[in-house]
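Report on the structure
Residues per chain are reported as follows:
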Amino acid sequence: MQNSTPRYSFIFLLENMNPRAVAWVRGGLEAPELSGLVKFYETPYDGVLVEAEVFGLPNINIHNSSDFYAMHIHNGTGCQDDFAQIDGHFNPLGQPHPEHAGDLIPLLGNQGYAWTAFYDKRFDIEEIIGKFVIIHARPDDFTTQPSGNPGMMIACGEIRQE
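This report concerns the structure included in the present document. (Residues numbered from 1 in each chain as written. Predicted model: local features only at pLDDT ≥ 70, side-chain atom pairs only at ≥ 80, totals over all residues. Heavy atoms only, no water.)

This part is about the sheet that holds strand β5 (residues 71–76). Strand order in this open sheet of eight strands is β6-β5-β9-β10-β1-β2-β3-β8, and the pairing throughout is antiparallel. Edge strands, defined here as strands with exactly one partner in the open sheet, are β6 (86–89) and β8 (114–120). Pairs of neighbouring strands in the sheet enclose a mean axial angle of 25 degrees, with direction left out of account. As defined by bridge partners, strand β1 (residues 21–27) adjoins strand β10 (residues 153–161) across five bridges and the pair is classed as antiparallel. Looking at the pairing, Gly27 lines up with Ala155 of β10. Relative to the sheet, helix α1 (residues 6–16) contacts β2 (35–42), β3 (48–55) and β8, its axis offset from that of β3 by approximately 50 degrees. (Pairing = 2+ DSSP bridges. Helix = DSSP H or I, 4+ residues; strand = E, 2+ residues; numbered from the N terminus. Axes fitted to C-alpha atoms, helices over the stretch in contact; angles between N-to-C directions. Contact = heavy atoms within 4.5 Å.)

All right, on to the state of the cysteines then. Evaluated as defined, the whole model comprises one disulfide. In this model, Cys79 is linked to Cys156 through a disulfide, with the two sulfur atoms separated by 1.9 Å. As the torsion about the S-S bond is roughly -65 degrees, the Cys79-Cys156 disulfide counts as left-handed. Here Cys79, found in the loop between β5 and α2 (80–83), pairs with Cys156, found in strand β10; they are 77 residues apart in sequence, far enough to count as distant. Look at Cys79 and you get partly exposed, because its relative accessible area is 23%. (Disulfide = S-S within 2.5 Å. Buried < 20%, exposed > 50% of the residue type's maximum accessible area, 1.4 Å probe, protein only.)

Next comes the structure, spelled out in structure tokens:
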């Protein structure tokens, strides 16, 4: 008997398909060595599979360290000038934090490296094209309004259609 769960579809997507959109994330003045790629895949379940791989997080030089970093989708016009043109979270339905469509799961950095994949039904790929993936210096507290008190923005990448 073969099990058929969404997990099998997600593994297939990650291993065999190209994402519909990507964001090349680069660090700013506070984390110039930070870089990574966030990929957005269409799924057969009316949701989006998100995969993120990030290098050079601030805890890279601390042996055996781990730390959480908030990751959100933001509105804005560009990543230049140390992210001065980045606005608030992508929140088309006006939801409180942490229910914004742009509230993503945190990254768990292990000595500067993080990898994660998750499924989200709060947005579709077309509506996030031209928005920005932001990585923050601290974890999201999932409580403080309007954005979870995640600290300064340390990395930014525009979401572009592939």
